[in-house]
Each structure stands twice: as structure tokens, then as C-alpha cells.
Amino acid sequence: MMSRWVSFTFDDALEEHLDAAMPVLERSGLRGTFFVPAGSPAFLRRVDDWRAAAARGHELGNHSIFHPAVSSKPYVTAGVSLENYTLDRMRVELETANRILASLDGRAERAYAYPCCNSILGRPGWLKRFVRRVGLGRTRVAGWINRLRGLDVFSTEEDYAGVVAGLFVAARSGGERFAADAEFPPPRFAVPCVAGDGRQGREMKAVLDDFRRHDQGWLVFMFHGVGGGHRLSCGVDALEEVVRAAASDKTLRVVPFIEAAKGIWSRP
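Note that the structure is a prediction, hence the values are computed from the model and not measured. (Residues numbered from 1 in each chain as written. Predicted model: local features only at pLDDT ≥ 70, side-chain atom pairs only at ≥ 80, totals over all residues. Heavy atoms only, no water.)

A.B. asks: Explain the pattern of salt bridges here, please?
C.D. replies: Pairs may arise between side chains of opposite charge once their charged atoms sit close together. The tally for this structure, following the rule as stated, stands at 19 salt bridges. Across the salt bridge formed by R46 and D49, the nearest N and O atoms sit 2.8 Å from each other. Note on D49: relative accessible area 34%, which makes it partly exposed. Ionic pairing is found between E183 and R177, a salt bridge with its closest N-O pair at 3.5 Å. Several salt bridges converge on common partners, so that one network encompasses E15, D19, R45, R46 and D49. (Salt bridge = Lys/Arg side-chain N within 4 Å of Asp/Glu carboxyl O. Buried < 20%, exposed > 50% of the residue type's maximum accessible area, 1.4 Å probe, protein only.)

A.B. asks: In this structure, what is going on with the nonpolar core? I would like to understand it.
C.D. replies: Soluble globular proteins: nonpolar side chains tend toward being buried together. Counting residues in hydrophobic clusters, the biggest one holds 41 residues, and the most contacted among them are V6, F8, F10, W50, L219, F221 and L239. Ignoring anything within four residues of it in the chain, the contact list for F8 reads L25, L30, G32, T33, F221, F223, V242, V243, A246 and V254. Formed by 19 residues, the second largest nonpolar core is a distinct cluster that contains W5, F184, A195 and W218. (Core = buried A, V, L, I, M, F, W, Y, C linked by side-chain atoms within 4.5 Å. Contact = heavy atoms within 4.5 Å.)

A.B. asks: How do you make sense of the side chain of D12 when you look at a structure like this?
C.D. replies: Structurally, D12 is set in the loop between β1 (3-11) and α1 (15-27). R172 provides the closest opposite charge to the buried, salt-bridge-free D12, at an N-O distance of 7.6 Å. Polar contacts involving the side chain of D12 include one to the side chain of H67, which spans 3.3 Å. Here H230 takes part through its side chain, which lies 3.5 Å from a polar atom of the side chain of D12. Apart from the residues lying within four places of it in its own chain, the contact partners of D12 are H17, F35, P37, S40, H63, H67, H224 and H230. (Helix = DSSP H or I, 4+ residues; strand = E, 2+ residues; numbered from the N terminus. Lys, Arg positive; Asp, Glu negative; His and termini not counted. Polar contact = N/O pair within 3.5 Å; in protein donor to acceptor, adjacent residues only side chain to side chain.)

A.B. asks: Honestly, the packing of α1 against helix α3 (residues 47-55) in this entry has me stumped. Any pointers?
C.D. replies: A packed helix pair is summarised by two numbers, namely the angle formed by the two axes and the spacing between the axes. The N-to-C vectors of α1 and α3 enclose an angle of 25 degrees; their axes lie 11 Å apart at closest approach. Taken together, the axis directions place α1 and α3 in an arrangement best described as roughly parallel. Seen from above, α1 lies across α3 with left-handed handedness. Packed against α1, whose contacting residues are H17, L18 and M22, the element α3 presents D49, W50 and A53 at the interface. (Axes fitted to C-alpha atoms, helices over the stretch in contact; angles between N-to-C directions. Parallel < 35°, antiparallel > 145°, perpendicular 65-115°, else oblique. Left-handed = near helix turned anticlockwise from the far one by under 90°.)

A.B. asks: Sorry if this is basic, but what is going on with the environment of Q200 here?
C.D. replies: Structurally, Q200 is set in the loop between β9 (191-195) and α8 (201-212). Under the relative-accessibility criterion, Q200 is labelled partly exposed at 41%. Separated by 42 residues in sequence, Q200 and V242 place their C-alpha atoms 9.2 Å apart.

A.B. asks: Just to check I follow, could you spell out the side chain of E240 for this structure?
C.D. replies: Along the polypeptide, E240 turns up in helix α9 (residues 236-248). Under the relative-accessibility criterion, E240 is labelled buried at 11%.

A.B. asks: Which parts of the structure should I look at to understand the pairing of β9?
C.D. replies: Here is the key point about a regular strand: its side chains alternate between the two faces of the sheet. Most of β9 sits out of view: five of its five residues are buried. Of the two faces of β9, the one carrying V191, C193 and A195 and the one carrying P192 and V194 are both buried. With two bridges connecting them, strand β7 (residues 171-175) and β9 associate as parallel partners. Each bridged residue has a counterpart across the sheet, and for R172 the counterpart in β9 is V191. Across two bridges, the pairing between β9 and strand β10 (residues 216-223) is parallel. Note on β10: the bridge partner recorded for A195 is M222. Taken together, β9, α8 and β10 form a β-α-β motif whose crossover is right-handed. (Pairing = 2+ DSSP bridges. Right-handed = clockwise from strand over helix to strand, strands pointing away.)

The values are spatial; any link to function lies outside them.
The following block contains the structure:
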């Protein structure tokens, strides 16, 4: 029996999610997952609308409070730099975000999405900093250093996936792929996704068509802006095209992220 799951997920609690993405999903009878940074001004301006969205069946996922990221990103300040985080600080932030979201939707179980798809916190050591400085940070050299962690002297980097595993049902990572057949189910706290940002509807439908060729799997789409609102964005028409295609295929289970996760990992 085929078991093919599809989830539409949206990051950063943008106003366009309320005004554009949710109506697209609801016109096709679907609900999505919205990974919310609980300290986002855009989220806090429209808390009542987010509460109403949860009441209509949309999932509010945890996306931290402050959306920490690496300091090399131009918008990141010292207070929200992953280099300055510890495992305990991250745990406290994620627990607090869960309580904030529970005050809106009353749910005790939640899913998580790593901000910028990055589960590593702490400060890199001398070798990795040097490699980044000379422009090799996105090459195989950096990968070798990651695999042989003892080489990076004075590194305080740690993977906080273990913290996430203690707090959430499942977690979405990155990877630009879907999990299918022999790779299904995926790692529970590093579920891969396919970015819809910048893609046309036909491109996302091609991904969906490829996914349909497999007997089992989970295709998770990730979006930021919808019709604007973010430097990473896809058009409303493009989103509507892939949503309609997914909704019309009755062999697919198109559900929010946490519902798919609970279905996948509750199977015998």
C-alpha cells in the first residue's frame, strides 16, 4: 500500500502568510504549517489573526523566539548570533516559544523548523574561521573539517538536534530533497524539504510529479514570502498551482507537518 505524504510549510510568520498563503490553501480544502518566530514583530502585530488561523486548522510550529543565525549574515546582531548560543540557552528559548504558541492554540505537541535550516550553535575554531576567511567555507574543505571535528581547535560548536528531540514531535531541516522509498522515513529531527522560494508553479509541479513516481515518502515544501514580503518569495499564482495539483491527487495525504510526522512514526 502506498504511503505518500505532502506538507506545505511556511517560515517566519509573515503577514503574507495570513493574507495570501492561507487563502490559497483553504480554497483547496488544505491546511498548512506556519513555523513562527514568537518574537517577530509581524507575528505580534496580528496575534489574534494567528489564533484564528490555528482555530481553522493551520499548524503553528516553533521557529524559536529570535530566529538565531550565523553572524556572517548581515541582519544578525550579537544577541541573536548562533555563535553566542549554548545548548541551555537554546533549550530555554524553545521551551518559552512553545508556551507562547500554546497560549494561542492550546496544543501540547509541536513541531520545529531550524532557523535557516541550521542546527549548529556555538563558535567555530581557528581552522574553520580561517577557511571561511579565505573563501572556502562552502567547499569540501569545510566538510572535511566538520567530519573531523578534532581538527578545529578551540571550537565550541554543538549540534542542538538533541535538545530539539526532547521537546518536539519532529523537526524540519533543509537539503533540497524529499525522502522516498529506501530513504523513508527520514531522520525524525532532520526532515528534508524542498524550497518553493523563487520557483514557478510548473517547477514545483515537476517536483510533485517526481515524488509521485515513488511508492512511499514525504515531500515537504518550504516557503518564505508569498507574493512578496521577503527577499525569498514565490508568486501567489505559483503557490496556487502546486497546491491545486497536490489537492487533486487523492493518492497523496496532504496534511500539516505534525500530522504527517505523527502518522509516519506511529505506523507499525
